[in-house]
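Here is what each chain is made of, one letter per residue.
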Amino acid sequence: MAGVRTAVALREQGFTGTVTLIGAEPHQPYDRPPLSKAVLLGKAEGAAFDIDFDDLGIELRLGREVLGVHPGAHRLDTAEGQVPYDVLVLATGAEPIRLPGAEDVPGVHLLRTLDDAERLRPVLARQQDIVVVGAGWIGAEFATAAREAGCAVTVVEAAGRPLAGALPADVAAPMTSWYADAGVELRTHARVARVEPGAVILDDGSRLPAGAVVVGIGARPATAWLAGSGIALGVHREVVADDHLRTSEPDVYAVGDCASFPSGRYGERLLVHHWDNALQGPRTVAANIVGEATDEPPAVYDPVPYFWSEQFGRFVQYAGHHASADSTRWRGDPSGPAWSVCWLRENRLVALLAVGRPRDLAQGRRLIEAGTLMDPTLLADPARPLKTVTA
């Protein structure tokens, strides 16, 4: 997404130079969200972007892995030879973390690429017993699809609740019941000791039958290929970009899952692994590349992060960043089908989670962007539209 949208945005903003899009995968560039839904269930054959790259004058070099970069020489190394550049945009995304010791065990799967989804589709069609390792966003989405396909599903999570790394305990707690409601067995405080063909062994000695194992324990920026390049990396091995999405090296930008950026809005550096970040960031990158030739002031990237997840019959949306909040307000009953959580800092909305309340999300996102003062008492009334409870 990030690479494709950057190339398209360059053309939309009037860039007339050569644009080359290099990707390691052999497929036409595609969108990822359908992989855990329509593609996985056989409702769609692919998720290729509906973009005429030839018409836009964008050269695609597919199935070509970039092995290294030499910023001083403005040159990329690939297995097929060197590629010169004037301006380089890093958009390599993130790669799933593998389960240690399970890499070579038959029947262990990841879900990140189109090839991953196509390998898993016949597994679901055979309605095998499936063990999902990790109760994060991708684990919940895959478990949802597997249940829809008629598979028996067990999700094992090392933490005491789903989404332990993403949401506070009190917010994630109501989501625990979603698994049982969908016929999914959720085992928390459960660590995988080892994976054998046909089974997952937990550290308490439990043996779970598994025709397939799907690992969803997180992702890390795909930046190993930048070793020795001089491009600065952060604590999560992500590319450190500034508020214009420029890296530490001249003429090199970074965007999407592989890069962090300083947020003036939240007062900290953010590393956002979600689709909307890969959609929004390219506009800033393109504007700054085009602006260099026209002496335009550089565009600043400081979005309100946003993502969504479809799981167990619920549409979950999140906007903002709640780490700096000093109070919380609930809207609606979390045991019901529709509710929201609002995080405030000095009575200004900084983040919002909406379950089945898309209007809350849409209005809340705009209020976060505007930094509007809220009335915390009125905010807790779920019958009141968010836009009407400003102070």
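Whatever comes next refers back to the structure up there.
Residues numbered from 1 in each chain as written. Predicted model: local features only at pLDDT ≥ 70, side-chain atom pairs only at ≥ 80, totals over all residues. Heavy atoms only, no water.

Moving on, we come to the pairing of strand 21 (residues 306-311). Both strand 21 and strand 22 (residues 314-320) contribute to a ladder of six bridges, which runs antiparallel. Within strand 22, the position partnered with tyrosine 306 by the bridge is alanine 319. Hairpin connection from strand 21 to strand 22: two residues lie between these consecutive antiparallel strands, with phenylalanine 312 at a positive phi of about 50 degrees. (Pairing = 2+ DSSP bridges. Helix = DSSP H or I, 4+ residues; strand = E, 2+ residues; numbered from the N terminus.)

The strand order across the open sheet formed by three strands is 17-19-20, and the pairing between neighbours is mixed. Only two strands of the sheet have a single partner each, and these edge strands are strand 17 (239-240) and strand 20 (268-271). Relative to strand 20, strand 19 (residues 259-263) runs antiparallel, the two being bridged by four bridges. The partner of phenylalanine 261 across the bridge, within strand 20, is leucine 270.

Most of helix 1 (residues 2-12) is tucked away, with nine of its 11 residues classed as buried. Those residues of helix 1 hidden inside the fold are in contact with strand 1 (19-22), helix 2 (53-56), strand 2 (58-61), strand 6 (88-90) and helix 7 (275-294). Of the residues flanking the end of helix 1, it is glycine 14, one or two places downstream, whose phi is positive at about 95 degrees. (Buried < 20%, exposed > 50% of the residue type's maximum accessible area, 1.4 Å probe, protein only. Contact = heavy atoms within 4.5 Å.)

Before going further, it helps to examine the nonpolar core. As a rule of thumb, soluble globular proteins bury nonpolar side chains together. Core analysis: the largest hydrophobic core is formed by 86 residues, its most contacted members being Ile130, Phe142, Leu167, Trp343 and Leu353. Top element by residues in this core is strand 25 (residues 348-355). It accounts for seven residues. Excluding residues that lie within four positions of it along the chain, isoleucine 130 makes contacts with Val123, Leu124, Phe142, Ala146, Cys151, Ala152, Val153, Thr154, Ala212 and Val214. (Core = buried A, V, L, I, M, F, W, Y, C linked by side-chain atoms within 4.5 Å.)

Function cannot be inferred from these measures alone, as they are strictly geometric.
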